[in-house]
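Residues per chain are reported as follows:
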Amino acid sequence: MLIFELVEDQQGRVMELFKSVANVLTQWLMQESTDYSSPQCDFERIRHELKACDVILVEGKSRVSNVIKQITQSPWSHAMLYIGRLHDIEDDRIRETIRQAFDGSPDEQLIIESELGFGTVVHPLSRYEGDHLRICRPNGLNYSDSQQVVRYAASRLGLDYNVRHVLDLARFFFPYSIIPRRWRSSLFKHSPGDEAKTVCSSMIAEAFSFIHFPILPLVKLDADQAVQLYQRNPKLCTPSDFDYSPYFQIIKYPFLDYTHHSDYKLLPWNGHGALEGKEGEFYMSPGKFRELRMMGKDSGTASEEQPSQPH
C-alpha cells in the first residue's frame, strides 16, 4: 500500500512539473512582437460589414502565430467565428450559454475562438482592433444553418487548446516515410482526452462540417460520372483554407481605399517622412521612390537615344 502511495505521489509531482513547464512555454509562445505594425485594414468598415458565421482571419504577431505562418506558408495564423451580438442569437439556450461565457455588454460584437492560453472562449471583436483582418463569408449560407454553426461552436466553449495539434500539423508536411515512427503524426489516431482539446481553424471547420458546408472537399467522379463530395478531416484545416476555399467570399477593407478617389495615384504617396530600421529595409521612402522614378526615366531616354542596329 505504501508503494502505491509513493508512486501516486511521484506521479503527482511529475504532473505539477509538467504543468509549470507548459505554462511557461505557453506564455513564451503567446508573447507578441514589439515591432511596429502599420494598419492594413479599416476596422470600422469591417465591423459594420460582418454577418453571423463570417470567418475572420487574423495575421497574428505572437511567436506561435509565426510558427503557424511558417508551417502553412500563409500570412494568416488565426481564424475566429463571428456570432454577432447576444440579441442576434435566436436560441434561448445558446444565448444563455454565450452570456455565461462572456461577462460584458449585450451590445458588444462577439466572436468564438480557440486560442493558446485561453482555450475555446467568447471574446469581443474589439480585441482585434488594429490587427490585419479579412472576412471569409460562406456563400449562400441560410439563416437556419448559420444558427446551427453558432450552436456547434458554443458547444465547444471551455475546451482547452491542443498545442500538440500544431506539432502534428508540422510533422504532416514532411514525407511520412522519413519520420521516425515515434515522431509520426497522431492526427488520425484516437487519444484519450483529445475530445477536450481543439484549435482555432479545426473548431470552425467542425462547425461547418456539422451542416455539410464545404471548405476544401475532395471531389470524386464515379463510373457514371456522378459527383460525390467528401469532407476533409477538420483537424487538417488551417486558417488559410478559408481564404483559399472557393465556397467562401473574400471581403477586404483596406485602411486606405482608393475606390474613394478617382485614381490610386492620388493616395498620399508624397511626403517628407523618414523610415528607419526594418521599415527602411522593407519599404521605400518618398526620396527613394523619386530616385527609382529618375532611374526609370534615364533608362527610357537612353533607350530612345540609342541608334537601332541593322538586322
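Residues numbered from 1 in each chain as written. Predicted model: local features only at pLDDT ≥ 70, side-chain atom pairs only at ≥ 80, totals over all residues. Heavy atoms only, no water.

1. Quick notes on the environment of Arg95
Mapped onto the elements, Arg95 comes out in helix H4 (residues 92-101). Sequence-wise, Arg95 and Ala154 are 59 residues apart; in three dimensions their C-alpha atoms are separated by 9.2 Å. The residues contacting Arg95, other than those within four sequence positions of it, are Leu86, Ile89 and Glu90. (Helix = DSSP H or I, 4+ residues; strand = E, 2+ residues; numbered from the N terminus. Contact = heavy atoms within 4.5 Å.)

2. A few points about the environment of Ser77
In this fold, Ser77 is placed in the loop between helix H3 (63-72) and strand S2 (78-84). By relative accessible area, which is 2% here, Ser77 ends up buried. Residues Ser77 and Lys61, 16 residues apart in the sequence, show an inter-C-alpha distance of 8.7 Å. (Buried < 20%, exposed > 50% of the residue type's maximum accessible area, 1.4 Å probe, protein only.)

3. A short note on the sheet that holds strand S1 (residues 55-58)
The strand order across the open sheet formed by 6 strands is S4-S3-S2-S1-S5-S10, and the pairing between neighbours is antiparallel. The two strands at the open ends of the sheet, each matched to only one other strand, are strand S4 (119-124) and strand S10 (248-251). Here the strands of the sheet are splayed against their neighbours by 30 degrees on average, with no regard to which way each runs. Alignment of S2 against strand S3 (residues 110-115), held across 3 bridges, turns out to be antiparallel. Each residue of the ladder has a partner; that of Leu81, found in S3, is Ile112. (Pairing = 2+ DSSP bridges. Axes fitted to C-alpha atoms, helices over the stretch in contact; angles between N-to-C directions.)

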